[in-house]
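Summary of structural features
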Amino acid sequence: MSTGKYLTPIVGGLLSSLLVLGCGEETRTSPDETQTTPYSPPSEQLEEDPAALTPEPTDASSIFLAGSKGVGDPYFPNLGNGGYDVTRYLIQVTWTPSSLTLRGSTTIEAETTDNLSSFNVDLNPNMHVSSVTVNGDAADFTRESSEIIVKPVSNLPAGSEFQARFTYNGEPGMSLLENAPFDGGWFNQLSDTAEDFSCSSCGTYVYGEPSSSMAWHPVNDHPSDRAQFRIEMSVKMDPSQLWNNPDWEFVTNGFLIDKRKAENGMTTWIYETKYPRAPYLTTLAFGSFVEFEEANLGDVQLRHWAQSPPLPVDIFEVDFFGFDYRSMFEVFTDLFGPYPFDTYGYLVINEDLGLALETQTLSIFGYDAFQQPGVHVHELAHQWFGNHITLDNWSEIWLNEGFATYSQFLYEEAVNPDYDIYYAMRNVVSAFEDEEQLLNKVPPGDPGPEDLFSASVYFRGALTLHALRIEIGDEVFFASLRKYVEDFGGKNVTTSDFIETVEGVSGEDLEDFFNRWLYDLEMPTLPLASN
Ligand code: ARG
Ligand code: ZN
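The sections below set out a description of the structure shown in this document. This one's a predicted model, so the numbers in the text were calculated from it and none came from an experiment. The written sequence of each chain sets the order in which its residues are numbered from 1. Lettering of chains starts at A and numbering of ligands starts at 1, both following the order in which they are written. In keeping with the predicted nature of the model, local features appear solely for residues at pLDDT of at least 70, side-chain atom pairs appear and are counted solely at 80 or more, and the whole-chain, interface and lining totals rest on all residues. Processing note: side-chain calculations cover all non-hydrogen atoms of the structure and skip hydrogens and water entirely.

Two strands are said to pair when DSSP picks up at least two bridges between them. A run of H or I in DSSP becomes a helix once it reaches four residues, and a run of E becomes a strand once it reaches two; helices and strands are each numbered from the N terminus. Strands sit in the order β1-β4-β8-β7 across an open sheet of four strands; the sheet is mixed. Either end of the sheet is taken by a strand with one partner, and the two such strands are β1 (65–66) and β7 (140–144). Inspection of the sheet shows β7 paired to strand β8 (residues 147–151) by five bridges, in the antiparallel sense. Bridging across to β8, T142 finds its partner in I149.

In structure tokens, the structure reads:
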């Protein structure tokens, strides 16, 4: 199974020593004393007029509270923040490879969803914040673990737009996240030999699920808050310095808007995206990356990057590893509807990372994962399931991984006339019977944070979809998939959204079916194919 390797956990990030666990508990919200003056009757009235004891009805619009420090994710309570919704991040930073430090500013353009007297933003504690402004005015702020708590000079009424600008610097490392299944964040490739002056693999890259962004910029780090990004990255390109080769490139999601070289050797790359994305779907890389353009696929621009040398330049030849993006796009467009973005590509790191991640429109691959065609199919399918349709919270992970995994089987079924998907799915069941009943240990619909990426989420998730297909028949099954993409593309979803869609299309009550497949510990028996 091509994804077998891909599930291998990465062993320790280079900077995992920066990971500091444990965050202080804090009450979620507390009224701001400066704001509300509850009605208190004059004392002499108290005995005479009991009605005076009833407080006046409070006008909700006059109460301003502290925004919560999390959005209430059941698995990762400190991810994200309540009370506002980010529209856009404007990140303007300078990376200094020789000292491994990042400095600059991030401006968050947001809209309040509550009356806020203060609000929180996520950022690793090792990133030092020097100043915060809100709507141009200096704001007070405090730090607590991976939270910045910002107290603007004026309250922010619900439904109003605001801009918060953070100036900061530090040595970015791994996201500080309790119960994280894997390290995610900012990775630096360091030379292991003192003589390696060219250091062609001394690059930097970012990825991580469920979190990587708060390792390097202030963020509402939860998939429920999708936003646009503009990233301006500057690096001083000094050929006399180790790790500062003038040919090195910076790449991140979206389109390169501008690349400027200043007199002092500073090069600035500006990237913008057109589609909102969950923060964990940001990737970036700086180093000896080479761009490969391929012919457009209809309206979709293909743009791939590889860290090279020593990757051979012909890795993009179809014959080399046997994957064919044209057919993948065709099959998925047919099954799920048009590709939801305007560009796609892969970013290959010259390191065996043991994984790939579906970072939006630019999937990042370790060199080992890159060589597995099934992983390419999987990450492309995530652009629909995970990126276009995004999780409401992390307990819903099977909606990403189960769907992307089943898509690998659907792709094989579409391109290979001899392929028997019913046989293949029964094989998945028997393969796991030999592996200590792995699929009976974790319910894919609620795996828990440590098992977020367990085999059950991927394979029992895929089997759930296959069993559903057998239950309701091909026609209704594929119509349901298309309707699900149509109705929930660009939105955040829970499993009930999917169940309701399928129930609507099929006219069947499927509650018991989904309960057994997704939430019972014991996996149900895969029914025999009816056709
Ligand atoms: N969403 C990624 C995928 O394509 C999962 C990455 C899991 N992380 C890991 N370190 N294995 O399946
Ligand atoms: Zn996946």
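Once that is clear, we can look at the environment of I472. Along the chain, I472 turns up in helix α8 (residues 455–472). By relative accessible area, which is 9% here, I472 ends up buried. C-alpha of I472 to C-alpha of S506: the two residues are 34 residues apart in sequence and 6.9 Å apart in space. Residue contacts are counted whenever heavy atoms from the two residues lie within 4.5 Å of one another. Dropping the residues within four chain positions of it, I472 is found in contact with F477, S480, V502, S506, E508 and L510. Between buried and exposed lies partly exposed: a residue is buried under 20% and exposed over 50% of the maximum accessible area for its type, with that area taken using a 1.4 Å probe on protein chains only.

Owing to its 3.6 residues per turn, the α-helix brings residues three or four apart onto one side. Expected span of a helix: the number of residues minus one, times 1.5 Å. In this model helix α7 (residues 421–433) runs 19 Å from its N-terminal to its C-terminal C-alpha over 13 residues, within 8% of the 18 Å that 1.5 Å per residue would give. Within α7, the full set of buried residues consists of I421, Y422, A424, M425, V428, V429 and F432. In this structure, the buried side of α7 is in contact with α6 (398–415), α8 and α9 (474–488). Under this definition, polar contacts are N or O atom pairs within 3.5 Å; protein pairs additionally need one hydrogen-donor-capable and one acceptor-capable atom, and for neighbouring residues in sequence, both atoms have to be side-chain atoms. One side-chain oxygen at the N-terminal end of α7 lies 3.0 Å from the backbone nitrogen of Y422; it belongs to D420.

To define a nonpolar core, start from buried Ala, Val, Leu, Ile, Met, Phe, Trp, Tyr and Cys residues and group those joined through side-chain atoms within 4.5 Å. With 145 residues, the main nonpolar core has F119 and F498 as its most contacted residues. A per-element tally of this core places α8 first, with eleven residues. Look past the residues within four positions of F498 in its chain and what remains in contact with it is W398, L399, F403, L465, L468, L481, Y484 and F514.

As a further point, take unusual backbone geometry. Across the junction of E209 and P210, the peptide omega takes the value 15°, indicating a cis bond. Turning to its location among the elements, P210 is positioned in the loop between β11 (204–207) and β12 (228–236). The phi dihedral of S145 is positive, around 50°, even though this residue is not glycine. Turning to its location among the elements, S145 is positioned in the loop between β7 and β8.

Moving on, we get to the pattern of salt bridges. The term salt bridge refers to a pairing of a side-chain nitrogen on Lys or Arg with a carboxyl oxygen on Asp or Glu at a separation within 4 Å. Enumeration according to the criterion identifies ten salt bridges in this entry. Notably, a salt bridge pairs R88 with E109, separated by 3.1 Å at the nearest N-O pair. Of this pair, R88 sits in strand β2 (residues 84–96) while E109 sits in strand β3 (residues 101–112), placing them 21 residues apart in sequence. You can call R88 partly exposed: its relative accessible area is 25%.

This part is about the packing of α7 against α8. Here an angle of 0 to 180 degrees is reported between the N-to-C directions of two axes, which are lines fitted to C-alpha atoms, with helices fitted over the stretch in contact. Running from amino to carboxyl end, α7 crosses α8 at an angle of 140°, the nearest separation of the two axes being 11 Å. Compared by their axis directions, α7 and α8 come out oblique. Once α7 is placed against α8, the crossing between them reads as left-handed. For the pair α7 and α8, the contacting residues are I421, Y422, M425, V428, V429 and F432 in the first and A455, F459, A462, L463, H466, R469 and I470 in the second. Classes in brief: Ala, Val, Leu, Ile, Met, Phe, Trp, Tyr, Cys and Pro nonpolar; Asp, Glu, Lys and Arg charged; the others, Gly included, polar. Per-class residue counts for the contact of α7 with α8 are eleven nonpolar, one polar and one charged. Just so you know how the angles are binned, under 35 degrees is roughly parallel, over 145 roughly antiparallel, 65 to 115 roughly perpendicular, and the rest oblique. The hand of a helix crossing depends on one turn: near helix anticlockwise from the far one by less than a right angle means left-handed, and clockwise means right-handed.

For strand β14 (residues 255–261) and strand β15 (residues 266–272), the ladder comprises six bridges, and the chain directions are antiparallel. Bridge pairing in β15 places D258 opposite I270. Between the antiparallel neighbours β14 and β15 lie four residues, among them G265 with a positive phi of about 90°.

Along its twelve residues, helix α3 (residues 325–336) runs 16 Å from first to last C-alpha, staying within 8% of the 16 Å computed at 1.5 Å per residue. Sitting at the amino-terminal end of α3 is D324, which places a side-chain oxygen 3.1 Å from the backbone nitrogen of R326. Remark: G337 follows α3 within two positions and exhibits a positive phi of approximately 105°.

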